[in-house]
Amino acid sequence: MTPSETPKPERSVGGGHSPADSPAGLRRAQATVPWQGWLGALLVVALCTAVSELLLPYTERATLITVYLVGVVYVALRLGQSAALLAVVASIVAFDLLVVAPRWSLVPLDPQYYFTFLVMLVVGVLICRLVLIVIFVPQSLAAFLDKEKAIDLDKVELPMTERYERDAAKAASAPR
């Protein structure tokens, strides 16, 4: 390996990210075995369903949607966008089958639940997109900046801390 081929350490805005945390590393990890993410999404939806069943006697039916949306956020953060989209659809189906009257039917008695399902779908897709932005924008920004221009937050914070300490010392030593 020649000196020009030596791998350079990756720098990022937050610092301390491994190459597996890079967008390409995440895509590569997700692309190798997508069914594991899908299986994980279905397990999270099953867990959300169990929690919903426990809460059903004590809360409104529509309130239980938040349990499923928390599961979608978790799946989006941990398992990727395709798994999160599967979690959204599976959450809607599980909510319709197990929470909405009549149970074990995909056709609700009250037509207002069709609107609820649509809103649940839209919010779930928005969650997927926002999590994608939150994860990839900082990493893309760090990759965009070259090594000399990368932001080191510790160096940026230090002058502000020194200035604060200097101002505090002046204020303490000033006669009153």
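See the structure printed just above.
Described in the following lines is the structure provided in the data block. (Residues numbered from 1 in each chain as written. Predicted model: local features only at pLDDT ≥ 70, side-chain atom pairs only at ≥ 80, totals over all residues. Heavy atoms only, no water.)

**Some thoughts on the overall build of the protein**
If you tally the helices and strands in the protein, you get 6 helices and 0 strands. When the helices and strands of the protein are placed in sequence order, the string is α-α-α-α-α-α. The buried share of the protein, reckoned over its 176 residues, is 28%. In the protein, once contacts between residues fewer than 6 apart in sequence are set aside, the share between residues at least 24 apart is 63%. A total of about 12,100 Å² of accessible surface is found on the protein, and carbon and sulfur atoms cover 68% of it. (Helix = DSSP H or I, 4+ residues; strand = E, 2+ residues; numbered from the N terminus. Buried < 20%, exposed > 50% of the residue type's maximum accessible area, 1.4 Å probe, protein only. Contact = heavy atoms within 4.5 Å. Areas by Shrake-Rupley, 256 points an atom, 1.4 Å probe, with all protein chains shown as cover.)

**Brief notes about the environment of Tyr 113**
Tracing the backbone shows Tyr 113 in helix H5 (residues 112-144). Spatially, the C-alpha atom of Tyr 113 lies 9.0 Å from that of Ala 62, the residues being 51 residues apart in sequence.

**Focus on the packing of helix H4 (residues 81-98) against H5**
Orientation of H4 relative to H5, taken along the N-to-C sense of each, is 160°, at an axis distance of 10 Å. Put simply, H4 runs roughly antiparallel to H5. The handedness of the crossing between H4 and H5 is right-handed. Taking contact as the criterion, the partners of Gln 81, Ala 84, Leu 85, Val 88, Ser 91, Ile 92, Phe 95 and Asp 96 in H4 are, on H5, Tyr 113, Phe 117, Met 120, Leu 121, Gly 124, Val 125, Cys 128, Arg 129 and Leu 132. Class assignment of the residues belonging to the contact of H4 with H5 gives a composition of 12 nonpolar, 3 polar and 2 charged. (Axes fitted to C-alpha atoms, helices over the stretch in contact; angles between N-to-C directions. Parallel < 35°, antiparallel > 145°, perpendicular 65-115°, else oblique. Left-handed = near helix turned anticlockwise from the far one by under 90°. Nonpolar A, V, L, I, M, F, W, Y, C, P; charged D, E, K, R; others polar.)

**As for the pattern of salt bridges**
Under the counting rule described, the total for this entry stands at 1 salt bridge. A salt bridge links Arg 103 to Glu 53; the shortest N-O distance between them is 2.8 Å. You can see Arg 103 sitting in the loop between H4 and H5 and its partner Glu 53 sitting in helix H2 (residues 34-55), a full 50 residues away along the chain. (Salt bridge = Lys/Arg side-chain N within 4 Å of Asp/Glu carboxyl O.)

**Regarding H5**
Over its 33 residues, H5 runs 47 Å from end to end, which matches the ideal 48 Å to within 8%, given 1.5 Å per residue. Approximately 30° is the largest bend angle found in H5, and it occurs at Phe 136, with the proline Pro 138 only one to four residues beyond. What H5 keeps buried is the set Tyr 113, Thr 116, Phe 117, Met 120, Gly 124, Ile 127, Cys 128, Val 131, Phe 136, Gln 139 and Ala 142. (Expected span 1.5 Å × (residues − 1). Bend = angle between axes of the 7 residues up to and from the residue.)

**Points about unusual backbone geometry**
Here Ala 101 and Pro 102 are connected by a cis peptide whose omega angle stands at -5°. A positive phi is found at Trp 104, a non-glycine position, where the angle reads about 65°. Looking at the element boundaries, Trp 104 is found in the loop between H4 and H5.

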